Amino acid sequence: MKTRSPILVTLTMIVLIFMISPMLISITAAFLQQYSRGLSGGLTLDWVAHVFGQYGSTVTASILIATSCVIGNALIGVPCAYALARARGRWARSFEEMLTLPVAVPGLATGLALILTYGEWRDFRQSYAFILVGHMVFTLPFMVRTVSAAFQRAEIASIEEAARSLGAGFITRFLTVLVPVVLPSIVAGSLMVFTLSIGEFNLTWLLHTPLTRTLPVGLADSYASMRIEIGSAYTLMFFIVVLPLLWLLNLAATLTQKRYGT
Amino acid sequence: MELEQIALTAVACAKTYSDGTQGLKPTSLEISPGEIMTLLGPSGCGKTTLLRILAGLEMTDAGGQILFGDQDVTARPIEQRRVGMVFQHYALFPHMTVQRNIEYGLKVRGVDATIRQKKVGELIDLVRLGGLEHKRPAELSGGQKQRVALARAVAAGPRVLLLDEPLTALDTKLKEVLRDELAELLRRLGMTAVYVTHDQQEAMAIADRMAVMRAGEIIQVGDPESLYRQPKHTFVANFLGRVNILRRDLSHTQDGVLVLGAKIFRVPTHLGQELLVRPEDISIDYPQPDHARGVITQRSFRGDRIQLRVRIESQDPLVVDVSRDALFKQGDAVSVAFSPASFIRAKES
């Protein structure tokens, strides 16, 4: 065993405490009768119940949007990533640059642009689909970049050539060889898309209506308009919902990597 | 296995890349039905480009033509050429078992499951992979992967077999074993095959004939033995094994002699000013009167032989191979002799 430097251990502990205490305090606050009186004021589950009652629907909405976002971006992003990886021209390069724009441009600007363009389509504007489109625009680059990098690997290029030499036309080799081979990257991209979509606030805040709220928008709403204990209970709900999901997705990613990794 | 032996012909195939560099100068090559041709050359000589053009992975520049038998396949992509190809790092499908890898080509062509099963079974026996049918590539050794790659390439009955440095990824010892095994397998398959390599030992072990390439063109084509014995270019002589170069001046060349110290060798004028001789064709002995003299400056034991470096007057040091039991030591004075017949007639280029 290597002996650890006590200074390093102390430093690490300090940084950890610094990072974790806000979360712990926020979570604890969710169970306090009255935040200002601390533990002496007594504990309660009222706030948590209140939040689940009033904002529970945002959980479903967020998960549905994030899932649709992953599926949609996989359907659009994987073929797009392939095309980008195989195209060598200047156009492909500049397209790749443009693809990262939604990441660099503030979400508010993207949101505004979407409202300016599609705001007149009332039904669309007032539905969750509008938020979904915003999320897809914002997260597509993450899927495309991740998967495109995989397609560009020399080893995958020669696997494709092998499939071609065996007589496989494009659709056949794309579905039976290429997609399975880059599956670990698709899963990694999906994980990123899902995470970004679940937590996205900037863009969503501009796109939402009182009837179409996601988890983070509800969080902002509760922070802004309710008592601090309710906001904290909301944070707790966020943890309860999001953490297990992320663990599950990570597990899935690890498993595919094991099974399909080259 | 049903067998189709066809000739493979490239006519004036060239490859110019978009940045203007010419990877392959207009090249023609004829490969007879059932012949194993190796393309041999240093990296960047265009051998892989030529193979990829034969395969249909790259298209030749306008004016080039590829014939499979009598059929012009120049415009066809690889999917429609019915070739079998083995890649440098095998390029096996990592998510499929050995069996699925091998049957992929048959499946793509819509071959019935029972026939597929039978065919895959035959191939697994042929390449001795019995018991490994349900393993994934990641669970196989390098040699096993290479055999799966070969079985996969031939499963769907290709008309020609193309191999792109299939042994590169293996370590030296295994490479030698598999090289001989592969040579034997290819002969058994009897298919017209093109084999790219940069390793002359490998090329000679595998080939019926070989084409030595340099800087985008074929320098010489022939069977391994005649290329080794009668290389037409210094480059070929050098690439297929070590050669010593002895230089003589113009007047000696015209007189048809080579003068080393006190010794005069008769060496015909037409062999030119630079004479090539292989290390194993030089004989050395303890100093004799009237012989060319030299001094051993280095002795290195190579197991099957001893390689000596001998310094002689007014020439570059010679590399000489002697029997492993020879008693020469570093610093010994020796006499050097060659039979005039052992000089290689090669054109400088």
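Predicted, not measured: the structure shown is a model, and the values here were computed from it. Residue indices follow the written sequence of each chain, beginning from 1 at its first position. Following the order in which they are written, the chains are lettered starting with A and the ligands numbered starting with 1. Local features in this predicted model are restricted to residues of pLDDT 70 or higher, and side-chain atom pairs are both shown and tallied only at a pLDDT of 80 or more, whereas totals for entire chains, interfaces and linings draw on every residue.

1. With respect to the overall build of chain B
Phase 1: Scanning chain B for helices and strands turns up nine helices and 19 strands.
Phase 2: Its C-alpha atoms give chain B principal-axis dimensions of roughly 80 × 45 × 35 Å.
Phase 3: Partly exposed residues are those falling between the two cut-offs: more than 12 but fewer than 20 other C-beta atoms within 10 Å of their own, whereas 20 or more means buried and 12 or fewer means exposed, with C-beta atoms placed from the backbone. For chain B, with 349 residues in total, the buried portion stands at 40%.
Phase 4: We call two residues in contact whenever the C-beta atoms placed from their backbones are within 7 Å. Taking the contacts inside chain B whose residues are at least 6 apart along the sequence as the reference set, 65% of them involve residues at least 24 apart. The secondary structure listing takes helices from DSSP runs of H or I that are at least 4 residues long and strands from runs of E that are at least 2 residues long, numbered from the N terminus.

2. What about the interface of chain A and chain B?
Phase 1: Listed by partner, the interface residues are 17 residues for chain A and 18 residues for chain B.
Phase 2: Counting only elements with at least two residues in the side of chain A that touches chain B, the list comes to α8 (154-165) and α9 (170-199) of chain A.
Phase 3: The leading source of residues in the side of chain A that touches chain B is α8 of chain A, at seven residues.
Phase 4: For this classification, the nonpolar set comprises Ala, Val, Leu, Ile, Met, Phe, Trp, Tyr, Cys and Pro, the charged set comprises Asp, Glu, Lys and Arg, and every other residue, Gly included, is treated as polar. Grouping the amino acids of the side of chain A that touches chain B by side-chain chemistry returns eight nonpolar, six polar and three charged.

3. Focus: the sheet that holds strand β17 (residues 306-312) of chain B
Residues and elements named next belong to chain B.
Phase 1: Read across the sheet, five strands follow the order β15-β19-β16-β17-β18 without closing on themselves; strand pairing throughout is antiparallel. Two strands in the sheet have a free side with no partner beyond their single neighbour: β15 (282-285) and β18 (318-322). Across the sheet, the mean angle from the axis of one strand to that of its neighbour is 45°, orientation sign disregarded.
Phase 2: A pair of strands is treated as paired once DSSP finds two or more bridges between them. As judged from the four bridges shared by strand β16 (residues 292-301) and strand β19 (residues 333-338), these two strands associate in the antiparallel manner. When the bridges of β19 are listed, R293 appears paired with S335. All axes here are fitted lines through C-alpha atoms, helices being fitted over the stretch that makes contact, and every angle between N-to-C directions spans 0 to 180 degrees.

4. Points about the confidence of the model for chain B
Phase 1: Confidence in the prediction of chain B, expressed as mean pLDDT, is 89, and 98% of residues score 70 or more.
Phase 2: Scoring of the predicted complex yields 0.82 for pTM and 0.85 for ipTM. One number per residue, pLDDT, summarises how confident the predictor is, and it ranges from 0 to 100.

5. Side note on unusual backbone geometry
Residue and element names in this part refer to chain B.
Phase 1: A positive phi is found at Y90, a non-glycine position, where the angle reads about 70°.
Phase 2: According to the C-beta neighbour criterion, Y90 is buried, with 24 such atoms within 10 Å.
Phase 3: With a phi angle near 50°, A91 is a residue other than glycine that sits in the positive phi range.
Phase 4: By the element assignment, A91 lies in the loop between β6 (83-86) and α2 (98-108).

6. Quick notes on the sheet that holds strand β10 (residues 217-222) of chain B
Residues and elements named next belong to chain B.
Phase 1: In space, the six strands of this open sheet follow the order β6-β7-β8-β3-β9-β10, with mixed pairing throughout. A single partner strand is all that each edge strand has here, and the edge strands are β6 and β10. The average angle at which neighbouring strand axes cross in this sheet is 20°, direction not considered.
Phase 2: In this structure, strand β7 (residues 160-164) lies alongside strand β8 (residues 192-197), joined through five bridges in parallel fashion. The partner of L161 across the bridge, within β8, is A193.

7. A word on the domain arrangement of chain B
Phase 1: What the domain assignment lists for chain B is domain 1 (8-239) and domain 2 (244-338).
Phase 2: Distance between the C-alpha centres of domain 1 of chain B and domain 2 of chain B: 40 Å. Residue ranges labeled as domains rest on an automatic or database domain assignment.

8. Section: the pairing of strand β2 (residues 22-31) of chain B
Residue and element names in this part refer to chain B.
Phase 1: In this structure, strand β1 (residues 8-16) lies alongside β2, joined through six bridges in antiparallel fashion. Bridging across to β2, T16 finds its partner in Q22.
Phase 2: Taken together, β1 and the strand that follows it, β2, pair antiparallel across an intervening segment of five residues, in which G20 is found at a positive phi of about 95°.

9. Describing the packing of α8 of chain A against α9 of chain A
Helix-helix packing: each pair is described by the crossing angle between the helix axes and the interaxial distance.
All names here are of chain A.
Phase 1: Taken N-terminus to C-terminus, the directions of α8 and α9 make an angle of 160°; their axes are 10 Å apart at the nearest point. Viewed along their axes, α8 and α9 adopt a mutual orientation that is roughly antiparallel. Handedness of the α8/α9 crossing: right-handed. For the pair α8 and α9, the contacting residues are I156, I159, E160, A163 and R164 in the first and R173, V177, L178, V181 and V182 in the second.
Phase 2: A breakdown of the residues in the contact of α8 with α9 according to their chemical character gives seven nonpolar, no polar and three charged. Oblique is the label for any angle not covered by the other classes, which are roughly parallel (under 35 degrees), roughly antiparallel (over 145) and roughly perpendicular (65 to 115). Whether a crossing is left-handed or right-handed is set by the direction in which the near helix is turned from the far one by less than a right angle, anticlockwise for left-handed and clockwise for right-handed.

10. So, the packing of helix α5 (residues 107-118) of chain A against helix α7 (residues 128-152) of chain A
Residue and element names in this part refer to chain A.
Phase 1: The geometry of α5 relative to α7 is characterised by a closest axis approach of 11 Å and an angle of 130° between their N-to-C directions. Our classification of the angle between α5 and α7 gives oblique. Here the hand of the crossing between α5 and α7 comes out right-handed. Two secondary-structure elements touch here, α5 through G107, T110, G111, L114 and Y118 and α7 through F130, V133, G134, V137 and F138.
Phase 2: Class assignment of the residues belonging to the contact of α5 with α7 gives a composition of six nonpolar, four polar and no charged.

11. Observations regarding the environment of V15 of chain A
Residues and elements named next belong to chain A.
Phase 1: Positionally, V15 belongs in helix α1 (residues 6-29).
Phase 2: Using a count of 10 C-beta atoms within 10 Å as the deciding quantity, one classes V15 as exposed.
Phase 3: The sequence separation of V15 and S68 amounts to 53 residues, and the corresponding C-alpha distance is 37 Å.

12. Quick look at the pairing of β8 of chain B
Residues and elements named next belong to chain B.
Phase 1: With six of six residues buried, β8 is to be regarded as a mostly interior element.
Phase 2: Of the two faces of β8, both are covered, the one formed by T192, V194 and V196 as well as the one formed by A193, Y195 and T197.
Phase 3: Bridge analysis of strand β3 (residues 36-40) against β8 gives five bridges, and the strand direction is parallel. Within β8, the position partnered with M37 by the bridge is V194.

13. Remarks on the nonpolar core
All names here are of chain B.
Phase 1: L54, L162 and V194 are the most contacted members of the largest nonpolar core, which has 146 residues in total.
Phase 2: Among the domains, domain 1 (8-239) and domain 2 (244-338) are the pair contributing at least three residues each to this core.
Phase 3: Beyond its immediate stretch of four places on either side in the chain, L162 contacts L51, L54, A55, V83, G84, M85 and V194. To form a nonpolar core, buried Ala, Val, Leu, Ile, Met, Phe, Trp, Tyr and Cys residues must be joined through C-beta atoms within 7 Å.

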